Amino acid sequence: MQIVILDTPEAVANYGADQFVARLQKKPQAVLGLATGSTPIALYRELIRRYQAGDVSFAQARSFNLDEYLGLDGDHPQSYRHFMNAELFSQIDIDLAHTQVPDGAADDPLAACEAYETAIKNAGLIDLQLLGIGRNGHIGFNEPSSSLASRTRVKTLTPDTVEANKRFFKPDEFQPNLAITMGIGTIMEARHILLLATGESKAEAIREAVEGPVAARCPASILQMHPRATLVLDRAAARGLKDVDFYEYIERENQRLLGG
Ligand code: F6R
């Protein structure tokens, strides 16, 4: 795992944007794996800014989102499809027809999960997968105890995750406790995984993911087994790590080798 520790959430977003821009410059038709939640918003704003500045184009890119609430259709303001359209897709030149979010309103969710897996395979797998991390260590909606080999499927959210996401819903609004999510096995097939974490509420999950054992109780710990996983953390999210000095030393060496 590459552990990058930066001073501020803005620096984390910029680093993430650099990775997306570099990938698209090398491979304009790249397949992007995208996430929702609070963490990626600053990154998406930075990507929009760079698109407007003419630094990057998404015209040939395709995208797959990690997850969607089961029971919300794409027009619902709290659906992840709606989030992606509003926060990113409508503000860049990506072809909406080339963006996929699991169908939370599917009549047959199991068939929709299988179709999602097939679509990712047919697209040639994901080149760059963005992840956030839940404070319980989840990635996508793969909650603790999820099979580390799981594929896209319906998952029940933990009460903690429902509570954490309550902030997006109005007090009397229906909030689903089920979701369709890419599986951990699906995520692990991405060629490069980029996990962003900011804020102290993520410090414990990051400690377990980086310095704990690979275990289903912290799904993000599986990234220890990925040949190319980059974790980009602000100081607050890195606070629980024991070996910060070592990770920073490695990064300085990496920069030196790259001539940076
Ligand atoms: C969202 C997702 C989740 C979030 C995680 C962190 O698509 O898959 O795993 O990344 O819950 O959410 P925030 O960024 O809101 O703290």
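Each remark here, short or long, concerns the structure printed above.
Residues numbered from 1 in each chain as written. Predicted model: local features only at pLDDT ≥ 70, side-chain atom pairs only at ≥ 80, totals over all residues. Heavy atoms only, no water.

Draft legend 1. Just unusual backbone geometry, in detail. You will see that L125, though not glycine, has its phi angle at about 70°, which is positive. With respect to the secondary-structure elements, L125 resides in the loop between α4 (109-122) and β6 (128-131). A positive phi angle is found at S145, which is not glycine, with a value near 90°. Here S145 is to be found in the loop between β6 and β7 (153-156). S145 sits in the exposed class, given a relative accessible area of 61%. (Helix = DSSP H or I, 4+ residues; strand = E, 2+ residues; numbered from the N terminus. Buried < 20%, exposed > 50% of the residue type's maximum accessible area, 1.4 Å probe, protein only.)

Draft legend 2. Spotlight on the sheet that holds strand β8 (residues 178-181). Strands sit in the order β4-β8-β7 across an open sheet of three strands; the sheet is antiparallel. The sheet terminates laterally at β4 (67-69) and β7, the two strands that pair on one side only. The sheet shows a mean angle of 30° between the axes of neighbouring strands, direction not considered. Here four bridges tie β7 to β8, and the two strands are oriented antiparallel to one another. (Pairing = 2+ DSSP bridges. Axes fitted to C-alpha atoms, helices over the stretch in contact; angles between N-to-C directions.)

Draft legend 3. Structural detail: the environment of Y69. For Y69, the location among the structural elements is in strand β4. Setting aside its immediate chain neighbours within four residues, Y69 contacts Q78, Y80, G104, F141, L157, N165, F169, P176, L178 and A179. Side chain to side chain, Y69 and Y80 meet in a polar contact 3.4 Å long. Within polar-contact distance, the side chain of Y69 engages the side chain of N165 at 3.3 Å. (Contact = heavy atoms within 4.5 Å. Polar contact = N/O pair within 3.5 Å; in protein donor to acceptor, adjacent residues only side chain to side chain.)

Draft legend 4. Focus on the side chain of Q78. Among the secondary structure elements, Q78 is positioned in the loop between β4 and α3 (80-87). Within polar-contact distance, the side chain of Q78 engages the backbone oxygen of F168 at 3.1 Å.

Draft legend 5. Representation of the sheet that holds strand β5 (residues 99-100). If you walk across this open sheet you meet the seven strands as β1-β10-β9-β6-β2-β3-β5, and the pairing is parallel. Both outer strands of the open sheet, β1 (2-6) and β5, are each paired with one neighbouring strand and no more. Sheet topology note: the strand β3 (residues 62-65)/β5 ladder contains two bridges and is parallel. By the bridge assignment for β5, S63 is matched with T99.

Draft legend 6. Main features of a negative patch on the surface. On the surface, D73, D75, D103, D107, D108 and E114 cluster together into a patch of negative charge. Structurally, the position occupied by D103 is in the loop between β5 and α4. With a relative accessible area of 42%, D103 lands in the partly exposed category. (Patch = residues over 30% accessible without salt bridge, like charges linked within 9 Å, V, L, I, M, F, W, Y side chains within 5 Å. Areas by Shrake-Rupley, 256 points an atom, 1.4 Å probe, with all protein chains shown as cover. Salt bridge = Lys/Arg side-chain N within 4 Å of Asp/Glu carboxyl O. Lys, Arg positive; Asp, Glu negative; His and termini not counted. Charge placed at Lys NZ, Arg CZ, Asp CG, Glu CD.)

Draft legend 7. Fine view of the pairing of strand β10 (residues 229-234). Summarising burial for β10: six of the six residues are buried, a large majority. Of the two faces of β10, both are covered, the one formed by A229, L231 and L233 as well as the one formed by T230, V232 and D234. Pairing analysis gives five bridges linking β1 to β10, with the strands arranged parallel. Note that in β10 the partner of I5 across the bridge is L233.

Draft legend 8. Local environment of the environment of M84. Tracing the chain through its elements places M84 in helix α3. Using a relative accessible area of 0% as the deciding quantity, one classes M84 as buried. For the pair M84 and I41, spaced 43 residues apart in sequence, the C-alpha to C-alpha distance is 9.8 Å. Discounting chain neighbours no more than four positions away, the residues touching M84 are L34, A35, T36, Y44, N65 and F89.

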